Amino acid sequence: MGHFWQRVANLVAFVLFLSSSLFSVFDPIGAKHQTYLTPAPFAFSIWGLVHLQLFLFVIWQFFGDDQKFELIGHTWGWHFIIVAAGSAFFVQLIRTEKVIIAWILSLLVGSAISSVYYRLAVVYPNSSSGGETLFLRSPVSLLVGWWTYLNFYAFTVAFGTDASEYGDGPKTFDYVVAWVYFFVSVSAAIALTRGQWKTNGYGDPLANIAQGITILGIAVQQGAFWIEIPAYVAAALVLLACVEPWVAGLFGRRTVAVRDLESATAEERRGLVAAESN
């Protein structure tokens, strides 16, 4: 019965909070606060896809057996409500110029998402069905990639330089934050790919795609040479991390990660979203 009311609470949270933050897809927060990490508008389509998948999740969660309900309770738990409410308040805080509070809130929401991701990737690494992969694991993968960007974006809104047409150009601070974000994204993409490669070779493509498209949007939007060019390079590396396992498999190549399969722990072998090996 406890899990039933938790599912009802998730549905109510989606209707009350995430449905309101969905408007940020059509009126991106980046349009009002232009920083040197603001991507082109197409990048905000990821936010729309996240909302769609979370909507499908709140429907899917009502159907299934006790094992499925236990899994949802032990992974999402009450974090869904935290993420839903936090997302809505984050958008509102950005729009009302309470940018430092928004950045702090983005970190709290990000920690909740990371907690869910960890539980699914390490504690419950094995997907028992296609529905579980599509409706439970996929939204979390997208959220991890997208919210990592929002953490950095909120930081630049709070402390960075105005990148509007009336701005004075990027400062050293803006370059450093952008480069750190690109480095973190590329490092995470490689780490996720290597971790899952040890089992079936397909990494966590949705998290990487979310990051790659966002960075590509930054490259398209920004005209500062030392942000634009590194962004294109980082986007290419992150997106290549998605396809590299398939390319390597086509040519029958063995990677270091594959050769380390025998010595890897179960946790190291699992990503969050991937096809099962044949």
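For the structure, check the block above.
In this report, the structure presented in the accompanying data block is examined.

How each quantity is defined
- Counting from 1, residues in each chain are numbered in the order their sequence is written.
- Selection of residues for local features in this predicted model requires a pLDDT of at least 70, selection of side-chain atom pairs for listing and counting requires 80 or more, and totals for whole chains, interfaces and linings are taken over all residues.
- Each side-chain value is derived from all of the structure's non-hydrogen atoms; neither hydrogens nor water enter the calculation.
- We call Phe, Tyr and Trp rings a pair once their centres come within 6.5 Å, taking the six-membered ring for Trp, and we label the pair stacked below 30 degrees between planes, edge-to-face above 60, and tilted otherwise.
- Helix and strand assignments follow DSSP, with helices taken as H or I runs no shorter than four residues and strands as E runs no shorter than two, numbered in order from the N terminus.
- A ring has a charge above it when a Lys NZ or an Arg CZ is no more than 6 Å from the ring centre and no more than 35 degrees off the ring normal.
- For this analysis, a nonpolar core means a set of buried residues of the types Ala, Val, Leu, Ile, Met, Phe, Trp, Tyr and Cys, connected via side-chain atoms within 4.5 Å.
- Think of it in three bands: residues with accessible area under 20% of the maximum for their type are buried, residues over 50% are exposed, and the middle band is partly exposed, with areas taken using a 1.4 Å probe on protein chains only.
- Whether two residues are in contact is decided by their heavy atoms: any pair within 4.5 Å suffices.
- Helix span, as expected, comes to 1.5 Å for every residue beyond the first.

1. So, the packing of aromatic side chains
Scanning the entire structure with this criterion turns up 21 aromatic pairs. Between Trp103 and Phe159 the ring centres are 5.5 Å apart and the planes differ by 85°, which places this aromatic pair in the edge-to-face class. Separated by 56 residues along the polypeptide, Trp103 in helix α7 (residues 99-123) and Phe159 in helix α8 (residues 130-159) bring together distant segments of the chain. The positively charged end of Arg7 is found above the aromatic ring belonging to Phe69, 3.8 Å away from the centroid. Cation over ring: Lys68 sits above Trp60, and NZ or CZ is 3.7 Å from the ring centre.

2. Re the nonpolar core
The biggest cluster of nonpolar side chains holds 66 residues, and the ones touching the most others in it are Leu37, Trp76, Phe80, Phe90 and Phe182. For this core, the leading source of residues is α8, giving 15 residues. Not counting the four nearest positions on each side in its chain, Trp76 is found in contact with Leu54, Phe57, Val83, Val116, Leu136, Val140 and Leu143.

3. So, helix α10 (residues 205-221)
Relative to the 24 Å expected for 17 residues at 1.5 Å per residue, α10 spans 24 Å between its end C-alpha atoms, a close match to the ideal helical length. Among the residues making up α10, those that are buried are Pro205, Ala207, Asn208, Ala210, Gln211, Gly212, Thr214, Ile215, Gly217, Ile218 and Ala219.

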